[in-house]
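# Architecture at a glance
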Protein chains: 2
Amino acid sequence: MGTKQYKSTLTYELGELLKASDRSVKLKKGTYLFQEGQPAKEMYILLSGKIQISKMNAERKELNLRLCQYNDIVGELTLFTVDPRYLFNAKVIESGEAAAINIENLEKVLFNNSKLAYEFIRWMNDHFRKTTTKFRDLVLNGKKGALYSTLIRLCNSYGIVKETGILIDVYLTNQELANYCGTARESVSRMLGELRDEGIISIERKRVIVHSIQHLKTEIDCENCPIEFCNIE
Amino acid sequence: MGTKQYKSTLTYELGELLKASDRSVKLKKGTYLFQEGQPAKEMYILLSGKIQISKMNAERKELNLRLCQYNDIVGELTLFTVDPRYLFNAKVIESGEAAAINIENLEKVLFNNSKLAYEFIRWMNDHFRKTTTKFRDLVLNGKKGALYSTLIRLCNSYGIVKETGILIDVYLTNQELANYCGTARESVSRMLGELRDEGIISIERKRVIVHSIQHLKTEIDCENCPIEFCNIE
DNA sequence: TAAATCATGTGAAAAAAATCACAAACAGAA
DNA sequence: TTCTGTTTGTGATTTTTTTCACATGATTTA
């Protein structure tokens, strides 16, 4: 009991990718694996640790897009472009290790292995699907909807089922949570406080326990889409 | 003078795709080419007319995601999935015609033609990139930012350069514009009114003319990203 | 051409969210 | 353990946005 509820696609084919892996990189908490605008030579697969993918706007407000862990792919959007550059920031929020894959090599592999290319297209589809649904939630359901949606996704990706509810096994500050929602830190603090008072969640040493995910779901009219499309990776 | 400023990728390879085209479909204004949840057998390439891609939430609020025209691909996200279903609504807002491509056929073609698969991955990358940037604008810059971003993208996709400014050559109601921004119809009306009073835009028979796109850009701290990543397709 | 339908503009009020300012709580380092 | 820097909670205020209600304007269509 008490393990991750869902692990994303790329399975056998992931092995293929890893074979093309050139080197491994140590990830130190607080550093960046890459940042927006840097020239991109490599794509990565996480072996351990956690990485937050974000995009800044010009006012330096940050929007967190994904929270990645073991087996997740990061830096993928640079494939097959001229003068490839990273589009996002990849911040290490839990130390670990990643396998680096040279983009040029990967492009060759994809070109010669249609099974893998196919798998990759499928993965991108899934990925796109998640993103769009998430943004719909963020844009249409107000800031409360944004937070609830984020919590649900965090449950699906990092939730550990306990007797009392689902423990979201990541240490996130309110500010970071706010960056997932495009909202103000204080608003998150207030909304979490409300949920706490209503007994929907509780907070135990910086981690959230969701006692009634159903409540969050009904509040945003969650259509109970399959868990593989409703996560934060 | 006076033509579309940018036309998206898939060029030669588009021809390849079209060769696999099975039939063509007439598009009648006001109808839907497909709707969320319907089983998906075909992907489409627009030959003429305009189609709006949207996603609903459970409260039946609609979020408009793309506005597609000649040579744009719609219904693409169903590839390589089991029990494929459309994720979005495709509403015809200007009559025209589309080439339908059977998904199973296309999967075969992609599988056997790595050049095409490669091109497809690249297209999806671009597509993803646009989407993410757009949503960042929507989420981080408030409702005004959302509208300005939408107007800029509309200029890039449908703008016709005139002496006085850029004419956005699409007939959109305030409600439809609002659906692109995740905002209320009345708010759009008010914001457009303000822009009109300031002389930034004017409206001529339901179409917007942007006199100072620069003003819109500075307001949302637009980093002047390449036009091919800043459009509404 | 009139009637009907749909789209727009706008005031007033309510609701949602951000901002500012500061105290309290907590975590990590010395 | 104490100090220090970070994170959290919260009141008060301001700003942004939505909502409601209704008048006006524009387009269809019969």
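Thresholds, definitions, all that
All residue numbers here refer to positions counted from 1 along the written sequence of the relevant chain. Labels are handed out in written order, letters beginning with A for the chains and numbers beginning with 1 for the ligands. Per-residue local features of the predicted model are confined to residues with pLDDT of at least 70, and side-chain atom pairs are confined, for both listing and counting, to 80 or more; whole-chain, interface and lining totals are unaffected and use all residues. Neither water nor hydrogens contribute to the side-chain values; these are computed over all heavy atoms in the structure. Burial classes: relative accessible area under 20% of the type maximum marks a residue as buried, over 50% as exposed, and values in between as partly exposed (1.4 Å probe, protein chains only). Comment: elements are numbered from the N terminus, with helices defined as DSSP H or I runs of at least four residues and strands as E runs of at least two. DSSP calls a pair of strands paired once it identifies at least 2 bridges connecting them. Counting of polar contacts relies on pairs of N or O atoms within 3.5 Å, with two restrictions inside protein: one atom must be capable of donating a hydrogen and the other of accepting it, and residues adjacent in sequence are counted only when both atoms are side-chain atoms. Every residue pair with non-hydrogen atoms within 4.5 Å of one another is taken to be in contact. Overlaid copies result from least-squares superposition on C-alpha atoms, with residues included only where pLDDT is at least 70 in both. UniProt positions are given in the numbering used here, feature names are shortened, and annotations may be inferred rather than shown by experiment. For each structure, a 1 Å grid was placed over the protein atoms alone; sets of points admitting a 1.4 Å probe that cannot get out are labelled cavities, open sets with protein on both sides within 12 Å along at least five of seven lines are labelled pockets, and lining residues have an atom within 4 Å of a point. Grid points are joined across faces, edges and corners, and a volume is the space filled by probe spheres set on the points. Under this grouping Gly is polar, as are all residues other than the nonpolar Ala, Val, Leu, Ile, Met, Phe, Trp, Tyr, Cys and Pro and the charged Asp, Glu, Lys and Arg. Under this scheme, a helix contributes an axis fitted over its contacting stretch, all axes are lines through C-alpha atoms, and angles between N-to-C directions fall in the 0 to 180 degree range. Relative orientations are named as follows: roughly parallel for angles under 35 degrees, roughly antiparallel for angles over 145 degrees, roughly perpendicular for angles from 65 to 115 degrees, and oblique for any other angle. Definitions for this section: a left-handed crossing has its near helix turned counterclockwise from the far helix by less than a right angle. A right-handed crossing has that turn clockwise.

This next bit is on helix α5 (residues 174-181) of chain B. Residue and element names in this part refer to chain B. Taking burial as the measure, the eight residues of α5 include six buried ones, the bulk of the element. All buried positions along α5 are accounted for by E176, L177, A178, N179, Y180 and C181. The positive-phi residue at the C-terminal boundary of α5 is G182, with phi of around 65°.

Glancing now at the pairing of strand β6 (residues 89-102) of chain A. Working note: regular strand, side chains alternate between the two faces of the sheet. Residue and element names in this part refer to chain A. Two strands pair when backbone bridges link them, and strand β1 (residues 23-27) and β6 are joined in this way by five bridges, in the antiparallel orientation. When the sheet's bridge partners are listed, R23 is paired in β6 with A100. As paired elements, strand β2 (residues 32-34) and β6 share two bridges and run antiparallel to each other. Residue pairing for β6: Y32 is matched across the bridge by K91.

Residues and elements named next belong to chain A. Tracing the backbone through its elements, the reader meets R207 in strand β10 (residues 207-210). Only 2.7 Å separates the side chain of R207 from the side chain of D169, close enough to count as a polar contact. Among the polar contacts listed, one links the side chain of R207 to the side chain of Y171, at a separation of 3.5 Å. Beyond its immediate chain neighbours, meaning those up to four positions away, R207 contacts L167, I168, D169, V170, Y171 and S202.

This next bit is on the side chain of A:N231. Residues and elements named next belong to chain A. Relative to the assigned elements, N231 resides in the segment after α7 (213-219). Looking at N231, its side chain comes within polar contact range of the side chain of K130, at 3.3 Å. Here E233 takes part through its backbone nitrogen, which lies 3.2 Å from a polar atom of the side chain of N231.

Note on the identical chains: chain B maps onto chain A by a rotation of 180° and an axial translation of 0.0 Å, with an RMSD of 0.0 Å. Interpreted geometrically, this transformation is the action of a two-fold axis. Mapped onto chain A, 100% of the interface residues of chain B again fall at the interface, so both copies present the same surface.

So, about the UniProt feature "domain: HTH crp-type" (unreviewed entry) in chain A. Residues annotated in UniProt with the feature "domain: HTH crp-type" (unreviewed entry) correspond here to residues 141-214 of chain A. Between the C-alpha atoms that bound residues 141-214 of chain A there is a distance of 17 Å. The span itself is 54% helix and 19% strand.

Considering only enclosed or pocket space, the largest pocket measures out at about 500 Å³ in volume. Lining the largest pocket are 24 residues, with A:R129, A:P226, A:F229, B:R85 and B:L87 positioned closest to its centre. Among the elements that line the lining of the largest pocket, the one with the most residues is helix α3 (residues 114-140) of chain A, at four residues. Taken together, the residues that form the lining of the largest pocket break down as 10 nonpolar, five polar and nine charged. The volume enclosed by the second largest pocket comes to roughly 390 Å³. Elements that contribute at least two residues to the lining of the second largest pocket include exactly α3 (114-140) and α4 (142-158) of chain B. Classifying every residue of the lining of the second largest pocket gives 10 nonpolar, six polar and nine charged.

Now for the packing of helix α4 (residues 142-158) of chain A against helix α6 (residues 185-197) of chain A. Between two packed helices, what matters for the description is the angle formed by their axes and the separation of those axes. Residues and elements named next belong to chain A. Closest axis-to-axis distance for the α4/α6 pair is 11 Å, and the angle between their directions is 70°. Classed by the angle they form, the pair α4 and α6 counts as roughly perpendicular. As α4 runs across α6, the sense of the crossing is right-handed. Contact with α4, carried on its side by K143, K144, L147, Y148 and L151, involves M191, L192, E194 and L195 of α6 and no other residues of that element. When the residues that make up the contact of α4 with α6 are grouped by side-chain class, the tally is six nonpolar, no polar and three charged.

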